[in-house]
Amino acid sequence: MQKLQYIDIKGKKIPIIIRSFKTSKHLKMYFKANVLYVSKPKYVSVKKAMEFVHQNEKFVYDKYIKVEADSERKLKSWESGEHFFYKGEKYEIAASNCNEANIFIKIDEEKKTLRFSYPNTLNPMDRKAYIDKGIKKLLKNNTEILLRQKVPYWSNITNIAYNSFKVNDATSKFGSCIPNTKNMHFSSRLIMLPDDKVDAIVVHELCHIIHPNHSKDFYDLVRSYIPNYDEINKWLKQNGKIIIF
């Protein structure tokens, strides 16, 4: 499991995760939500990676301030009173600790709450890491269930055949398509969006099987099935950040 740490720059405690990759040739860093990710070659030590961050403190600090300004993109602490989006609606987080050995997570659709309890023994950093992992798994499972209904349905409506689809933890794209294989990939975060937005995303990717581009013909085909696609697309660009945590 990736370990979350914090680095202090100008009084800001910035969350940071350092990861090693066999294929990495250089040190790189980027923000995902407001967590700073640093990728490094296997042979580079964590100490050297931290030195690299400190050498670029101005960039890190300026970027963090910009990201932090967007409250919806702030790192979730999973504390009671925070909010989380599910099926396009805002759910309130209700957290509590317990004497159990495992973390318990439940979505209560009736009361619009995301409830979880965690062992008393977990420190805040480990607690967040475990809860992140548990919620990502829950979202993936629920998105797969949703798409097993929606993808075949829209395939029949559009008369566009597909080969398969997979669900991954993407946050930069809602979906993607490989036209020559008729395979599609969707973000596990789709379950966080309103139902009509998910429909539009599914149709968008199916239409790429016919038109592997963003030409006028492509958009005309999408709009023939989703007449208000332009409005939905605008909403996704403005509100897509709700899937980030």
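For the structure itself, look to the data block above.
Residues numbered from 1 in each chain as written. Predicted model: local features only at pLDDT ≥ 70, side-chain atom pairs only at ≥ 80, totals over all residues. Heavy atoms only, no water.

K.L.:
Describe helix α1 (residues 46-55), with residues and values.
P.N.:
An α-helical segment advances 3.6 residues per turn. Residues three or four places apart therefore align on the same side. Taken together, the buried positions of α1 are occupied by Ala49, Met50 and Val53. For α1, the angular spread of the buried residues around the axis is 100°, confining them to a single face. Among the exposed residues of α1, those oriented more than 90 degrees off its buried face are Lys47 and Gln55. (Buried < 20%, exposed > 50% of the residue type's maximum accessible area, 1.4 Å probe, protein only. Helix = DSSP H or I, 4+ residues; strand = E, 2+ residues; numbered from the N terminus. Arc of directions from axis to C-beta.)

K.L.:
Tell me what's going on with the sheet that holds strand β11 (residues 183-187), and back it up with residues and numbers.
P.N.:
Two modes of strand pairing occur in sheets, parallel and antiparallel, and in both the strands are linked by backbone hydrogen bonds. As summarised here, the arrangement of the three strands in space is β9-β11-β10, forming an open sheet in which the pairing is mixed. The strands lining the two open edges of the sheet, one partner per strand, are β9 (164-168) and β10 (175-178). Direction aside, the axes of adjacent strands within the sheet are offset by 20° on average. In the sheet, β10 pairs with β11 via four bridges, with the strands oriented antiparallel. Its bridge partner being in β11, isoleucine 178 is matched across the sheet by asparagine 183. The strands touched by helix α3 (residues 124-158) are β9 and β11; relative to β9, the strand with the most contacts, the crossing angle is about 155°. (Pairing = 2+ DSSP bridges. Axes fitted to C-alpha atoms, helices over the stretch in contact; angles between N-to-C directions. Contact = heavy atoms within 4.5 Å.)

K.L.:
I'd like to hear about the packing of helix α4 (residues 195-210) against helix α5 (residues 216-225), residue by residue, with values.
P.N.:
Between α4 and α5, the shortest axis-to-axis distance is 9 Å and the interhelical angle comes to 135°. What the angle tells us is that α4 and α5 run oblique. Here the hand of the crossing between α4 and α5 comes out right-handed. Contact with α4, carried on its side by Val203, His204, Cys207, His208 and Ile210, involves Phe218, Leu221, Val222 and Tyr225 of α5 and no other residues of that element. (Parallel < 35°, antiparallel > 145°, perpendicular 65-115°, else oblique. Left-handed = near helix turned anticlockwise from the far one by under 90°.)

K.L.:
Give me the pairing of strand β1 (residues 5-9): which residues, what numbers.
P.N.:
Bridge count for β1 against strand β2 (residues 12-21) is five bridges, and the pairing is antiparallel. Paired with aspartate 8 across the strands is lysine 13, a residue of β2. Between β1 and β2, which pair antiparallel in sequence order, lie two residues; one of them, lysine 10, sits at a positive phi of approximately 55°.

K.L.:
I'd like to hear about the packing of α4 against helix α6 (residues 229-239), residue by residue, with values.
P.N.:
Contact geometry of α4 with α6 gives a least axis separation of 10 Å together with a crossing angle of 105°. When the axis of α4 is compared with that of α6, the two are roughly perpendicular. On the side of α4, the interface is formed by Asp196, Lys197, Ala200, Ile201 and His204, while α6 contributes Tyr229, Ile232, Trp235 and Leu236. Of the residues that constitute the contact of α4 with α6, the class distribution is six nonpolar, one polar and two charged. (Nonpolar A, V, L, I, M, F, W, Y, C, P; charged D, E, K, R; others polar.)

K.L.:
Now, about the packing of aromatic side chains: what can you tell me, with residues and values included?
P.N.:
Scanning the model with the defined rule gives nine aromatic pairs in all. Considering the side-chain rings of phenylalanine 165 and phenylalanine 186, the 6.2 Å spacing of their centres and the 70° angle between planes classify their relative orientation as edge-to-face. Taken together, the residues phenylalanine 165 in strand β9 and phenylalanine 186 in strand β11 connect sequence positions 21 residues apart. Across the pair, exposure class does not vary: phenylalanine 165 and phenylalanine 186 are buried alike. With 6.2 Å between their ring centres and 40° between their planes, tyrosine 219 and tyrosine 229 make a pair best called tilted. Of this pair, tyrosine 219 sits in helix α5 while tyrosine 229 sits in helix α6, and the two are 10 residues apart along the sequence. Relative accessible area serves as the criterion here: at 22%, tyrosine 219 is assigned to the partly exposed category. (Phe/Tyr/Trp six-rings, centres within 6.5 Å; stacked < 30°, edge-to-face > 60°.)

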